[in-house]
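Summary of the model geometry
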Amino acid sequence: MKNPSIYEPLTPERLPSRLGNLEVLNNCLGDSSDRWKVEEIGDGNLNLVFLVKGPKGAAIVKQALPYVRLVGDSWPLPLNRAFFEYQALIRQANRDPGSVPEVLHFDKDQALIVMEFLDQHVILRNMLIAGTYVKNLGTRLGAFIARTAFRGSDLSLPIIERKNETKLFLGNHALCNITESLVFTDPYYDAELNSHNSAVDGVVKKLRQNIKLKTEAQLLLTKFVANSETLLHGDLHTGSVMCTEDSIRVIDPEFATYGPMGFDLGMMLANLVMAYISQPAHRKPEDLSSYQGWILTVMKDLVAAFQEEFSKLWHSERQGVLFPKSLFEDQEQAASIPLQAKQRAIWEDALGFCGIEMHRRTLSLAHNADFESIEDSIFRGKLEAQNLLTGSRLILERPYIADCNAFLSIIQSTKEEDQ
Ligand code: SR1
Ligand code: MG
(Lines give C-alpha, C1' and ligand atoms only; values in the text may rest on other atoms or scores of the structure.)
(Ligands and ions follow the chains in the order given, each with its own letter.)
Protein backbone atom coordinates (compact mmCIF):
# COMPACT_ATOMS: atom_id res chain seq x y z
CA MET A 1 0.00 0.00 0.00
CA LYS A 2 1.42 3.35 -1.05
CA ASN A 3 1.90 6.14 1.47
CA PRO A 4 -0.84 8.67 0.56
CA SER A 5 1.23 11.57 1.84
CA ILE A 6 3.99 10.97 -0.69
CA TYR A 7 3.30 12.85 -3.91
CA GLU A 8 2.92 10.76 -7.02
CA PRO A 9 1.61 12.01 -10.36
CA LEU A 10 -1.58 10.34 -11.53
CA THR A 11 -2.05 8.52 -14.81
CA PRO A 12 -5.41 7.66 -16.39
CA GLU A 13 -4.73 3.99 -15.63
CA ARG A 14 -3.89 4.52 -11.96
CA LEU A 15 -6.45 7.20 -11.13
CA PRO A 16 -9.40 4.87 -10.32
CA SER A 17 -7.39 2.82 -7.84
CA ARG A 18 -5.75 5.90 -6.30
CA LEU A 19 -8.98 7.93 -5.89
CA GLY A 20 -11.53 5.10 -5.78
CA ASN A 21 -12.06 5.57 -2.03
CA LEU A 22 -12.88 9.26 -2.19
CA GLU A 23 -16.45 9.62 -1.00
CA VAL A 24 -17.03 12.83 -2.88
CA LEU A 25 -15.98 11.23 -6.18
CA ASN A 26 -18.03 8.13 -5.55
CA ASN A 27 -21.08 10.30 -4.86
CA CYS A 28 -20.56 12.24 -8.01
CA LEU A 29 -19.54 9.44 -10.40
CA GLY A 30 -21.17 6.34 -8.99
CA ASP A 31 -19.35 4.04 -6.64
CA SER A 32 -17.71 1.43 -8.86
CA SER A 33 -14.35 2.97 -9.70
CA ASP A 34 -13.57 0.06 -12.02
CA ARG A 35 -16.28 1.49 -14.29
CA TRP A 36 -14.81 4.99 -14.35
CA LYS A 37 -13.47 6.21 -17.68
CA VAL A 38 -10.47 8.52 -17.38
CA GLU A 39 -9.02 10.80 -20.02
CA GLU A 40 -6.11 13.21 -19.64
CA ILE A 41 -7.41 16.40 -21.25
CA GLY A 42 -4.89 19.01 -20.05
CA ASP A 43 -3.52 21.22 -22.78
CA GLY A 44 -2.25 23.99 -20.48
CA ASN A 45 1.35 24.87 -19.77
CA LEU A 46 1.69 23.51 -16.25
CA ASN A 47 -0.55 20.69 -14.99
CA LEU A 48 -2.24 17.35 -15.49
CA VAL A 49 -6.01 17.56 -15.98
CA PHE A 50 -8.17 14.43 -16.00
CA LEU A 51 -11.79 14.10 -16.99
CA VAL A 52 -13.28 11.23 -15.00
CA LYS A 53 -16.65 9.82 -16.05
CA GLY A 54 -18.67 7.28 -14.13
CA PRO A 55 -22.13 5.73 -14.36
CA LYS A 56 -23.70 8.70 -12.50
CA GLY A 57 -21.72 11.72 -13.66
CA ALA A 58 -18.33 13.31 -14.28
CA ALA A 59 -15.66 15.31 -12.44
CA ILE A 60 -12.36 17.01 -13.15
CA VAL A 61 -9.18 16.06 -11.32
CA LYS A 62 -6.41 18.62 -11.71
CA GLN A 63 -2.94 17.77 -10.39
CA ALA A 64 0.14 19.96 -10.33
CA LEU A 65 3.37 18.54 -11.73
CA PRO A 66 6.66 19.33 -9.99
CA TYR A 67 7.88 21.09 -13.13
CA VAL A 68 6.60 23.29 -15.99
CA ARG A 69 4.83 20.89 -18.33
CA LEU A 70 5.48 23.09 -21.35
CA VAL A 71 9.25 22.96 -20.85
CA GLY A 72 9.87 19.71 -18.95
CA ASP A 73 11.66 18.72 -15.74
CA SER A 74 14.55 21.10 -16.44
CA TRP A 75 12.24 23.81 -15.01
CA PRO A 76 11.08 22.72 -11.54
CA LEU A 77 8.01 24.38 -10.08
CA PRO A 78 6.59 23.96 -6.54
CA LEU A 79 3.58 21.74 -6.08
CA ASN A 80 2.11 24.19 -3.58
CA ARG A 81 0.60 26.16 -6.46
CA ALA A 82 -2.34 23.73 -6.20
CA PHE A 83 -2.86 24.96 -2.63
CA PHE A 84 -2.97 28.59 -3.82
CA GLU A 85 -5.31 27.71 -6.65
CA TYR A 86 -7.63 25.99 -4.17
CA GLN A 87 -7.50 28.96 -1.78
CA ALA A 88 -8.24 31.37 -4.63
CA LEU A 89 -11.15 29.28 -5.95
CA ILE A 90 -12.81 29.31 -2.54
CA ARG A 91 -12.49 33.07 -2.24
CA GLN A 92 -13.70 33.71 -5.79
CA ALA A 93 -16.74 31.48 -5.18
CA ASN A 94 -17.52 33.54 -2.09
CA ARG A 95 -16.89 36.93 -3.61
CA ASP A 96 -18.69 36.21 -6.88
CA PRO A 97 -20.96 33.18 -6.44
CA GLY A 98 -21.36 31.03 -9.54
CA SER A 99 -18.26 32.43 -11.25
CA VAL A 100 -15.91 29.44 -10.80
CA PRO A 101 -16.21 25.64 -10.81
CA GLU A 102 -17.20 24.13 -7.49
CA VAL A 103 -14.32 22.52 -5.58
CA LEU A 104 -15.26 19.02 -4.41
CA HIS A 105 -12.01 17.98 -2.73
CA PHE A 106 -8.46 19.20 -2.18
CA ASP A 107 -5.44 17.01 -1.38
CA LYS A 108 -2.43 19.07 -0.38
CA ASP A 109 0.08 16.20 -0.43
CA GLN A 110 -0.93 15.06 -3.88
CA ALA A 111 -1.31 18.69 -5.10
CA LEU A 112 -4.69 17.84 -6.56
CA ILE A 113 -8.07 19.47 -6.76
CA VAL A 114 -11.24 17.58 -7.60
CA MET A 115 -13.78 19.92 -9.09
CA GLU A 116 -17.06 20.18 -10.89
CA PHE A 117 -17.00 19.10 -14.54
CA LEU A 118 -18.27 21.98 -16.65
CA ASP A 119 -20.34 19.99 -19.09
CA GLN A 120 -20.60 21.47 -22.61
CA HIS A 121 -18.22 24.31 -21.67
CA VAL A 122 -15.42 25.17 -24.08
CA ILE A 123 -12.30 27.30 -23.57
CA LEU A 124 -13.23 30.86 -24.56
CA ARG A 125 -10.11 31.31 -26.71
CA ASN A 126 -11.19 28.38 -28.90
CA MET A 127 -14.69 29.86 -29.20
CA LEU A 128 -13.25 33.20 -30.30
CA ILE A 129 -11.09 31.49 -32.92
CA ALA A 130 -14.11 29.48 -34.10
CA GLY A 131 -16.33 32.57 -34.28
CA THR A 132 -18.84 31.55 -31.58
CA TYR A 133 -20.91 34.15 -29.73
CA VAL A 134 -21.37 34.06 -25.95
CA LYS A 135 -24.27 35.90 -24.31
CA ASN A 136 -23.38 38.53 -21.68
CA LEU A 137 -19.68 37.72 -21.93
CA GLY A 138 -18.35 41.21 -21.23
CA THR A 139 -20.89 41.96 -18.52
CA ARG A 140 -20.17 38.73 -16.67
CA LEU A 141 -16.39 39.07 -16.85
CA GLY A 142 -16.50 42.75 -15.85
CA ALA A 143 -18.60 41.91 -12.79
CA PHE A 144 -16.24 39.08 -11.81
CA ILE A 145 -13.18 41.31 -12.04
CA ALA A 146 -14.83 44.13 -10.08
CA ARG A 147 -16.22 41.88 -7.33
CA THR A 148 -12.98 39.98 -6.77
CA ALA A 149 -10.88 43.18 -6.97
CA PHE A 150 -13.07 45.08 -4.51
CA ARG A 151 -13.85 42.30 -2.04
CA GLY A 152 -10.23 41.15 -1.68
CA SER A 153 -8.92 44.61 -0.90
CA ASP A 154 -8.62 47.15 1.91
CA LEU A 155 -11.78 48.76 0.57
CA SER A 156 -13.70 45.81 1.93
CA LEU A 157 -11.77 43.44 4.23
CA PRO A 158 -10.90 44.24 7.85
CA ILE A 159 -7.29 45.39 7.94
CA ILE A 160 -5.85 42.36 9.79
CA GLU A 161 -7.64 39.93 7.52
CA ARG A 162 -6.34 41.72 4.44
CA LYS A 163 -2.78 41.63 5.78
CA ASN A 164 -3.05 37.93 6.59
CA GLU A 165 -4.47 37.27 3.15
CA THR A 166 -1.59 39.12 1.55
CA LYS A 167 0.88 37.16 3.66
CA LEU A 168 -0.74 33.86 2.64
CA PHE A 169 -0.71 34.57 -1.09
CA LEU A 170 2.81 35.98 -1.07
CA GLY A 171 3.74 32.31 -0.60
CA ASN A 172 2.88 31.84 -4.28
CA HIS A 173 6.11 33.63 -5.19
CA ALA A 174 7.33 31.01 -7.69
CA LEU A 175 4.34 31.62 -9.93
CA CYS A 176 4.62 35.38 -9.44
CA ASN A 177 8.20 35.12 -10.50
CA ILE A 178 7.15 33.51 -13.79
CA THR A 179 4.93 36.52 -14.44
CA GLU A 180 7.64 38.97 -13.41
CA SER A 181 10.08 37.47 -15.92
CA LEU A 182 8.01 36.05 -18.76
CA VAL A 183 5.38 38.76 -18.87
CA PHE A 184 7.10 41.97 -17.84
CA THR A 185 10.77 41.54 -18.70
CA ASP A 186 11.57 38.87 -21.30
CA PRO A 187 9.63 40.50 -24.18
CA TYR A 188 11.94 43.51 -24.04
CA TYR A 189 15.27 41.75 -24.62
CA ASP A 190 16.57 38.63 -26.30
CA ALA A 191 15.80 36.31 -23.36
CA GLU A 192 16.64 32.62 -23.52
CA LEU A 193 13.08 31.28 -23.63
CA ASN A 194 11.81 33.84 -26.14
CA SER A 195 10.75 33.14 -29.69
CA HIS A 196 9.00 35.17 -32.35
CA ASN A 197 7.97 35.00 -35.97
CA SER A 198 10.88 36.26 -38.09
CA ALA A 199 8.36 38.27 -40.12
CA VAL A 200 8.23 40.73 -37.20
CA ASP A 201 12.01 41.01 -36.70
CA GLY A 202 12.03 44.69 -37.66
CA VAL A 203 9.20 45.64 -35.32
CA VAL A 204 10.77 43.66 -32.48
CA LYS A 205 14.15 45.31 -32.97
CA LYS A 206 12.61 48.78 -32.71
CA LEU A 207 10.50 47.78 -29.73
CA ARG A 208 13.56 46.49 -27.83
CA GLN A 209 15.48 49.68 -28.62
CA ASN A 210 12.73 51.87 -27.23
CA ILE A 211 14.07 52.90 -23.84
CA LYS A 212 10.93 54.83 -22.94
CA LEU A 213 8.85 51.70 -23.54
CA LYS A 214 11.18 49.50 -21.46
CA THR A 215 11.12 52.09 -18.68
CA GLU A 216 7.31 52.11 -18.67
CA ALA A 217 7.27 48.29 -18.66
CA GLN A 218 9.51 48.32 -15.58
CA LEU A 219 7.29 50.92 -13.89
CA LEU A 220 4.34 48.61 -14.50
CA LEU A 221 6.35 45.69 -13.10
CA THR A 222 7.07 47.81 -10.03
CA LYS A 223 3.31 48.12 -9.53
CA PHE A 224 2.87 44.38 -9.96
CA VAL A 225 5.53 43.48 -7.39
CA ALA A 226 4.96 46.29 -4.90
CA ASN A 227 1.27 47.16 -4.96
CA SER A 228 -0.32 44.28 -3.02
CA GLU A 229 -3.75 45.78 -3.32
CA THR A 230 -6.10 42.88 -3.88
CA LEU A 231 -6.29 39.16 -4.60
CA LEU A 232 -5.76 38.73 -8.33
CA HIS A 233 -6.63 35.75 -10.46
CA GLY A 234 -3.16 36.41 -11.84
CA ASP A 235 -3.53 34.74 -15.26
CA LEU A 236 -6.88 35.93 -16.52
CA HIS A 237 -6.71 35.27 -20.24
CA THR A 238 -9.27 33.77 -22.61
CA GLY A 239 -7.78 30.31 -21.92
CA SER A 240 -8.79 30.77 -18.27
CA VAL A 241 -12.49 31.14 -19.08
CA MET A 242 -14.87 28.34 -20.10
CA CYS A 243 -18.23 29.04 -21.67
CA THR A 244 -21.26 27.68 -23.37
CA GLU A 245 -23.31 30.10 -25.43
CA ASP A 246 -24.90 31.38 -22.22
CA SER A 247 -22.77 30.24 -19.28
CA ILE A 248 -19.37 31.59 -18.21
CA ARG A 249 -16.90 30.23 -15.63
CA VAL A 250 -13.44 31.42 -14.72
CA ILE A 251 -10.89 28.65 -14.13
CA ASP A 252 -7.20 28.13 -13.25
CA PRO A 253 -6.29 30.77 -10.64
CA GLU A 254 -2.97 29.10 -9.78
CA PHE A 255 -1.14 32.40 -10.37
CA ALA A 256 -3.25 34.02 -7.64
CA THR A 257 -1.38 36.70 -5.74
CA TYR A 258 -1.91 40.09 -4.14
CA GLY A 259 -1.31 42.77 -6.75
CA PRO A 260 -2.70 45.93 -8.35
CA MET A 261 -6.42 46.17 -9.16
CA GLY A 262 -5.86 46.92 -12.83
CA PHE A 263 -3.95 43.69 -13.51
CA ASP A 264 -6.75 41.17 -14.15
CA LEU A 265 -8.72 43.82 -16.08
CA GLY A 266 -5.74 44.58 -18.33
CA MET A 267 -4.89 40.92 -18.94
CA MET A 268 -8.43 40.06 -19.97
CA LEU A 269 -8.73 43.09 -22.24
CA ALA A 270 -5.38 42.18 -23.87
CA ASN A 271 -6.61 38.73 -24.74
CA LEU A 272 -9.82 40.10 -26.22
CA VAL A 273 -7.79 42.63 -28.22
CA MET A 274 -5.61 39.79 -29.54
CA ALA A 275 -8.75 37.86 -30.48
CA TYR A 276 -9.92 40.99 -32.33
CA ILE A 277 -6.64 41.63 -34.16
CA SER A 278 -6.23 37.99 -35.24
CA GLN A 279 -9.78 37.68 -36.65
CA PRO A 280 -8.88 38.41 -40.31
CA ALA A 281 -7.06 35.05 -40.29
CA HIS A 282 -9.98 33.12 -38.82
CA ARG A 283 -13.14 34.56 -40.42
CA LYS A 284 -14.54 34.55 -43.94
CA PRO A 285 -14.47 38.12 -45.30
CA GLU A 286 -18.28 38.35 -45.15
CA ASP A 287 -18.33 37.47 -41.43
CA LEU A 288 -15.33 39.50 -40.33
CA SER A 289 -16.79 42.85 -39.48
CA SER A 290 -19.79 41.51 -37.58
CA TYR A 291 -17.65 39.21 -35.44
CA GLN A 292 -15.00 41.84 -34.82
CA GLY A 293 -17.81 44.26 -33.97
CA TRP A 294 -19.08 41.78 -31.40
CA ILE A 295 -15.63 41.49 -29.77
CA LEU A 296 -15.51 45.30 -29.51
CA THR A 297 -18.91 45.24 -27.83
CA VAL A 298 -17.67 42.57 -25.41
CA MET A 299 -14.78 44.86 -24.40
CA LYS A 300 -17.13 47.82 -24.05
CA ASP A 301 -19.54 45.81 -21.91
CA LEU A 302 -16.68 44.46 -19.82
CA VAL A 303 -15.29 47.90 -18.98
CA ALA A 304 -18.79 49.30 -18.33
CA ALA A 305 -19.71 46.35 -16.08
CA PHE A 306 -16.42 46.63 -14.20
CA GLN A 307 -16.99 50.32 -13.56
CA GLU A 308 -20.64 49.93 -12.69
CA GLU A 309 -20.10 47.02 -10.29
CA PHE A 310 -17.06 48.62 -8.68
CA SER A 311 -19.05 51.80 -8.16
CA LYS A 312 -22.00 49.87 -6.68
CA LEU A 313 -19.66 48.12 -4.21
CA TRP A 314 -17.93 51.41 -3.43
CA HIS A 315 -21.20 52.92 -2.30
CA SER A 316 -22.65 49.82 -0.61
CA GLU A 317 -19.76 47.74 0.81
CA ARG A 318 -16.94 50.20 1.52
CA GLN A 319 -16.08 49.20 5.05
CA GLY A 320 -12.30 48.76 5.05
CA VAL A 321 -9.56 51.15 6.07
CA LEU A 322 -9.36 52.91 2.69
CA PHE A 323 -11.47 55.95 1.74
CA PRO A 324 -13.49 55.71 4.98
CA LYS A 325 -16.97 57.18 5.16
CA SER A 326 -15.73 59.42 7.99
CA LEU A 327 -13.83 61.43 5.36
CA PHE A 328 -16.58 61.67 2.77
CA GLU A 329 -20.21 60.73 3.37
CA ASP A 330 -20.04 61.73 7.05
CA GLN A 331 -18.79 65.18 5.97
CA GLU A 332 -21.61 65.38 3.45
CA GLN A 333 -19.08 65.14 0.64
CA ALA A 334 -19.71 62.96 -2.39
CA ALA A 335 -17.81 59.68 -2.29
CA SER A 336 -18.13 59.62 -6.09
CA ILE A 337 -15.23 62.09 -6.35
CA PRO A 338 -12.57 59.78 -4.83
CA LEU A 339 -14.27 56.89 -6.66
CA GLN A 340 -13.62 58.59 -10.00
CA ALA A 341 -9.97 59.13 -9.07
CA LYS A 342 -9.59 55.49 -8.02
CA GLN A 343 -11.26 54.22 -11.18
CA ARG A 344 -9.05 56.46 -13.32
CA ALA A 345 -5.92 55.00 -11.64
CA ILE A 346 -7.15 51.43 -12.17
CA TRP A 347 -7.97 52.19 -15.82
CA GLU A 348 -4.55 53.67 -16.55
CA ASP A 349 -2.77 50.67 -14.97
CA ALA A 350 -5.06 48.26 -16.84
CA LEU A 351 -4.12 49.87 -20.17
CA GLY A 352 -0.43 49.39 -19.35
CA PHE A 353 -0.86 45.75 -18.28
CA CYS A 354 -2.93 45.18 -21.42
CA GLY A 355 -0.07 46.37 -23.64
CA ILE A 356 2.47 44.26 -21.75
CA GLU A 357 0.37 41.08 -22.12
CA MET A 358 -0.04 41.76 -25.85
CA HIS A 359 3.74 41.93 -26.19
CA ARG A 360 4.55 38.84 -24.18
CA ARG A 361 2.09 36.60 -26.05
CA THR A 362 3.96 37.20 -29.31
CA LEU A 363 7.55 37.52 -28.04
CA SER A 364 8.15 35.53 -24.88
CA LEU A 365 7.42 31.90 -23.83
CA ALA A 366 3.78 30.70 -24.08
CA HIS A 367 2.33 32.34 -27.18
CA ASN A 368 -1.38 32.13 -27.73
CA ALA A 369 -3.34 30.19 -30.30
CA ASP A 370 -5.06 33.30 -31.69
CA PHE A 371 -1.84 34.00 -33.61
CA GLU A 372 -0.02 30.65 -33.40
CA SER A 373 -2.76 28.83 -35.28
CA ILE A 374 -2.31 31.07 -38.35
CA GLU A 375 -0.36 28.96 -40.83
CA ASP A 376 0.73 31.68 -43.26
CA SER A 377 3.65 33.21 -41.35
CA ILE A 378 3.71 36.39 -43.46
CA PHE A 379 0.02 37.07 -42.85
CA ARG A 380 0.52 36.14 -39.19
CA GLY A 381 3.46 38.56 -39.05
CA LYS A 382 1.27 41.44 -40.30
CA LEU A 383 -1.26 40.80 -37.56
CA GLU A 384 1.42 40.26 -34.91
CA ALA A 385 3.08 43.54 -35.92
CA GLN A 386 -0.28 45.27 -35.51
CA ASN A 387 -0.58 43.65 -32.09
CA LEU A 388 2.92 44.74 -31.01
CA LEU A 389 2.43 48.32 -32.17
CA THR A 390 -0.98 48.56 -30.54
CA GLY A 391 0.49 47.21 -27.29
CA SER A 392 3.24 49.85 -27.36
CA ARG A 393 0.71 52.62 -27.91
CA LEU A 394 -1.37 51.45 -24.95
CA ILE A 395 1.69 51.40 -22.68
CA LEU A 396 3.07 54.77 -23.80
CA GLU A 397 -0.16 56.69 -24.30
CA ARG A 398 -2.03 55.36 -21.28
CA PRO A 399 -2.11 58.67 -19.36
CA TYR A 400 -4.05 60.22 -22.27
CA ILE A 401 -6.48 57.37 -23.07
CA ALA A 402 -9.50 58.85 -21.37
CA ASP A 403 -12.03 56.06 -21.65
CA CYS A 404 -13.09 52.86 -23.34
CA ASN A 405 -14.03 54.62 -26.59
CA ALA A 406 -10.54 56.09 -26.87
CA PHE A 407 -9.06 52.65 -26.12
CA LEU A 408 -11.22 50.97 -28.78
CA SER A 409 -10.34 53.56 -31.37
CA ILE A 410 -6.62 52.81 -30.82
CA ILE A 411 -7.35 49.08 -31.20
CA GLN A 412 -9.17 49.69 -34.48
CA SER A 413 -6.85 52.25 -36.00
CA THR A 414 -3.28 51.07 -35.33
CA LYS A 415 -1.78 49.48 -38.43
CA GLU A 416 1.73 48.26 -39.26
CA GLU A 417 2.46 51.23 -41.50
CA ASP A 418 2.06 53.56 -38.43
CA GLN A 419 5.48 52.66 -37.08
C1 SR1 B 1 5.80 28.72 -17.77
S2 SR1 B 1 4.17 29.15 -17.64
C3 SR1 B 1 3.84 30.13 -18.99
C4 SR1 B 1 2.54 30.78 -18.94
O5 SR1 B 1 1.51 29.81 -18.83
C6 SR1 B 1 0.52 30.25 -17.93
O7 SR1 B 1 -0.75 30.07 -18.44
C8 SR1 B 1 0.83 31.69 -17.66
O9 SR1 B 1 0.21 32.55 -18.58
C10 SR1 B 1 2.29 31.71 -17.78
O11 SR1 B 1 2.81 33.00 -17.97
MG1 MG C 1 -3.62 28.46 -16.68
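Criteria and thresholds
- Residues numbered from 1 in each chain as written.
- Chains lettered and ligands numbered in written order.
- Predicted model: local features only at pLDDT ≥ 70, side-chain atom pairs only at ≥ 80, totals over all residues.
- Heavy atoms only, no water.
- Pairing = 2+ DSSP bridges.
- Helix = DSSP H or I, 4+ residues; strand = E, 2+ residues; numbered from the N terminus.
- Axes fitted to C-alpha atoms, helices over the stretch in contact; angles between N-to-C directions.
- Contact = heavy atoms within 4.5 Å.
- Buried < 20%, exposed > 50% of the residue type's maximum accessible area, 1.4 Å probe, protein only.
- Near = heavy atom within 4 Å.
- Polar contact = N/O pair within 3.5 Å; in protein donor to acceptor, adjacent residues only side chain to side chain.
- Areas by Shrake-Rupley, 256 points an atom, 1.4 Å probe, with all protein chains shown as cover.
- Nonpolar A, V, L, I, M, F, W, Y, C, P; charged D, E, K, R; others polar.
- Phe/Tyr/Trp six-rings, centres within 6.5 Å; stacked < 30°, edge-to-face > 60°.
- Lys NZ or Arg CZ within 6 Å of the ring centre and 35° of its normal.
- Arc of directions from axis to C-beta.
- Parallel < 35°, antiparallel > 145°, perpendicular 65-115°, else oblique.
- Salt bridge = Lys/Arg side-chain N within 4 Å of Asp/Glu carboxyl O.

This part takes up the sheet that holds strand β6 (residues 103-107). Ordered in space as β1-β2-β3-β7-β6, the 5 strands form an open sheet in which the pairing is antiparallel. Edge strands, defined here as strands with exactly one partner in the open sheet, are β1 (37-40) and β6. The mean inter-strand angle of the sheet, taken between neighbouring strand axes irrespective of direction, is 20 degrees. Pairing of strand β3 (residues 58-64) with strand β7 (residues 112-116) involves 5 bridges; the strand directions are antiparallel. Considered in β7, the bridge of Val-61 is made with Val-114. Where helix α3 (residues 81-95) meets the sheet, its contacts fall on β2 (47-53), β3, β6 and β7, and the angle it forms with β7 comes to roughly 30 degrees.

Within β3, 7 of the 7 residues are buried, which leaves the element mostly enclosed by the surrounding structure. Neither face of β3 is open: one carries Ala-58, Ile-60, Lys-62 and Ala-64, the other Ala-59, Val-61 and Gln-63, and all of them are buried. When β2 meets β3, the two strands line up antiparallel, connected through 7 bridges. Along β3, the bridge assignment pairs Val-52 with Ala-59. Here β2 folds back onto β3, and the loop between the two strands holds 4 residues.

Before going further, it helps to spend a moment on the site of ligand 1. Surrounding ligand 1, one finds Asn-45, Leu-46, Val-68, Trp-75, Ile-178, Leu-182, Asp-235, His-237, Phe-255, Arg-360, Arg-361 and Ala-366. At a separation of 2.7 Å, an oxygen atom of ligand 1 approaches a polar side-chain atom of Asn-45. The contact in question runs from an oxygen atom of ligand 1 to an N or O atom on the side chain of Arg-360, over 2.6 Å. In the complex, the protein chains occlude 94% of the 320 Å² of accessible area that ligand 1 would expose alone. Listing elements by their share of the shell around ligand 1, those giving two or more residues are α7 (173-183) and α12 (336-363). Along the lines of polarity and charge, the residues of the shell around ligand 1 split into 7 nonpolar, 2 polar and 3 charged.

A few words now on the side chain of Glu-357. Of note, Glu-357 is situated in helix α12. At 3.2 Å, the side chain of Glu-357 and the side chain of Arg-360 are in polar contact. When neighbours within four sequence positions are excluded, Glu-357 is seen to be in contact with Val-183, His-237, Met-267, Ala-270, Asn-271 and Met-274.

Bringing the packing of aromatic side chains into the picture now. What the rule picks out here adds up to 19 aromatic pairs. Their ring planes at 10 degrees and their centres at 4.4 Å tell us that Tyr-86 and Phe-106 sit as a pair that is stacked. With Tyr-86 in helix α3 and Phe-106 in strand β6, the pair connects residues that are 20 residues apart, well separated along the chain. On the accessibility criterion, Tyr-86 (22% relative accessible area) is partly exposed. Between the aromatic rings of Trp-347 and Phe-407, the centroid separation amounts to 5.8 Å while the plane-to-plane angle is 85 degrees, which identifies the pairing as edge-to-face. On the criterion of sequence distance, the pair formed by Trp-347 in helix α12 and Phe-407 in helix α15 (residues 404-413) is long-range, its members being 60 residues apart. For the residue pair Trp-347 and Phe-407, the accessibility class agrees, reading buried in each case. Put simply, the rings of Phe-83, Phe-84, Tyr-86, Phe-106, Phe-169 and Tyr-258 touch in pairs and so form one group of aromatic residues. Against the face of Phe-83 rests Lys-108, its NZ or CZ located 4.7 Å from the ring centre. Its guanidinium or amino end placed over the ring of Tyr-291, Arg-283 lies 5.2 Å from that ring's centre, counting from NZ or CZ.

Let's shift gears to α7. Helical periodicity: at 3.6 residues per turn, an α-helix aligns residues three or four positions apart in one direction. Those residues of α7 not exposed but buried are Leu-175, Cys-176, Ile-178, Thr-179, Leu-182 and Val-183. Buried residues of α7, seen end-on, are gathered within an arc of 150 degrees and therefore sit on one face of the element.

Along β2, 6 of the 7 residues are buried, which leaves the element largely enclosed by surrounding structure. Here β1 pairs with β2 via 4 bridges, running antiparallel. Each bridged residue has a counterpart across the sheet, and for Glu-40 the counterpart in β2 is Phe-50. A loop of 6 residues connects β1 with β2, the two strands running antiparallel in sequence.

Packing of helix α10 (residues 262-278) against helix α11 (residues 285-316) leaves a shortest axis separation of 9 Å and a crossing angle of 170 degrees. By the criterion of interaxial angle, the relationship of α10 to α11 is roughly antiparallel. Judged by residue contacts, Leu-265, Met-268, Leu-269, Leu-272, Val-273, Ala-275 and Tyr-276 of α10 engage Gln-292, Ile-295, Leu-296, Val-298, Met-299, Leu-302, Val-303 and Phe-306 from α11. Residue composition of the contact of α10 with α11, grouped by class: 14 nonpolar, 1 polar and no charged.

Moving on to the sheet that holds strand β8 (residues 122-123). For sheets, the rule is that strands pair by backbone hydrogen bonds, running either parallel or antiparallel. The strand order across the open sheet formed by 3 strands is β8-β10-β11, and the pairing between neighbours is antiparallel. The open sheet has two edge strands with one neighbour each: β8 and β11 (248-250). Where helix α5 (residues 137-151) meets the sheet, its contacts fall on β10 (241-243) and β11, and the angle it forms with β11 comes to roughly 35 degrees.

For the rest of this paragraph, the subject is the pattern of salt bridges. Per the stated rule, a full pass over the model turns up 29 salt bridges. Arg-18 is the partner of Glu-8 in a salt bridge, and the nearest nitrogen-oxygen pair spans 4.0 Å. Taken as a pair, Glu-8 in the segment before α1 (15-19) and Arg-18 in helix α1 lie far apart in primary sequence, 10 residues in all. Residue Glu-8 is classed as buried on the basis of its relative accessible area of 17%.

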